[in-house]
Amino acid sequence: QSQVVESGGGTVHTGGSLRLSCAASGFGLKQYHIGWFRQGPGKGREPVACISAISGNREYADSVKGRFTISRDVAKNTVYLEINNVRPEDTALYVCGAHRFVIADSCVFHETRYDYWGRGTQVTVSS
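Residues numbered from 1 in each chain as written. Predicted model: local features only at pLDDT ≥ 70, side-chain atom pairs only at ≥ 80, totals over all residues. Heavy atoms only, no water.

A full pass over the atoms with the stated rule returns 2 disulfides. A sulfur-sulfur separation of 2.1 Å characterises the disulfide bridge that pairs Cys22 with Cys96. Sign of the S-S torsion, about 75 degrees for the bond between Cys22 and Cys96, identifies this disulfide as right-handed. On the criterion of sequence distance, the pair formed by Cys22 in strand 3 (residues 18-25) and Cys96 in strand 9 (residues 92-100) is long-range, its members being 74 residues apart. Classification of Cys22 as buried rests on a relative accessible area of 1%. For Cys96, a relative accessible area of 0% gives the class buried. Each sulfur in the disulfide pair Cys50 and Cys107 lies 2.1 Å from the other. On the sign convention where negative means left-handed, the S-S torsion of about 70 degrees between Cys50 and Cys107 marks this disulfide as right-handed. Note that Cys50 is positioned in strand 5 (residues 45-51) and Cys107 in the loop between strand 9 and strand 10 (116-117), a separation of 57 residues in sequence. (Disulfide = S-S within 2.5 Å. Helix = DSSP H or I, 4+ residues; strand = E, 2+ residues; numbered from the N terminus. Buried < 20%, exposed > 50% of the residue type's maximum accessible area, 1.4 Å probe, protein only.)

Next up, the structure:
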């Protein structure tokens, strides 16, 4: 059974850092692009970052550029999201998803393209 499972969330003080993990099973990271999304209190889900399957090219939402870093360990079949200098507005449920590599080695933020979703990991930023 193919799935992705997030971990690493918790409560962090403003200005702190944390690293989230998205562990894939049932498929390899060279076959699927992985994306991170988040949904804050009272807000819709928004894209955060994604990483492509073959070359590991990265894309970021403008709102997180410079503070968020997406990376992966192909051997561990895990994608990471490092969040630095956290802000209260980063409080959200962080969810990862996977969409299959077909032709272009570029990840996208279109949610309808995603094949698998995790349940998310909660990040709460305290001031």
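From this point, things continue past the structure.
What follows is about the sheet that holds strand 3. In spatial order, the strands read 1-3-8-7; together these 4 strands make up an open sheet with antiparallel pairing. Of all the strands in the sheet, just strand 1 (3-7) and strand 7 (68-73) have a single pairing partner and so form its edges. Taken pair by pair, the neighbouring strands of this sheet meet at an average axis angle of 20 degrees, ignoring direction. Both strand 7 and strand 8 (residues 78-83) contribute to a ladder of 6 bridges, which runs antiparallel. Pairing of Phe68 across the sheet is with Ile83, part of strand 8. (Pairing = 2+ DSSP bridges. Axes fitted to C-alpha atoms, helices over the stretch in contact; angles between N-to-C directions.)

Moving on, we come to the pattern of salt bridges. If you walk through the whole model with that rule in mind, you get 5 salt bridges. Across the pair Lys65 and Asp62 runs a salt bridge whose closest N-O atoms are separated by 3.1 Å. Asp62 gets classed as exposed once you look at its relative accessible area, which sits at 66%. One salt bridge connects Asp90 with Arg67, and the closest N-O pair in it is separated by 2.7 Å. Placement of the pair is Asp90 in the loop between strand 8 and strand 9 and Arg67 in the loop between strand 6 (58-60) and strand 7, with a sequence separation of 23 residues. The exposure class assigned to Asp90 is buried, which follows from its relative accessible area of 0%. Several salt bridges converge on common partners, so that one network encompasses Arg38, Glu46, Arg67 and Asp90. (Salt bridge = Lys/Arg side-chain N within 4 Å of Asp/Glu carboxyl O.)

Another aspect to go through is the environment of Val108. Within the secondary structure, Val108 is located in the loop between strand 9 and strand 10. Assessed through its relative accessible area of 18%, Val108 is described here as buried. Through-space distance from the C-alpha of Val108 to that of Glu59 is 8.2 Å; in sequence the pair is 49 residues apart. Not counting chain neighbours up to four residues away, the residues in contact with Val108 comprise Cys50, His99, Arg113 and Tyr114. (Contact = heavy atoms within 4.5 Å.)

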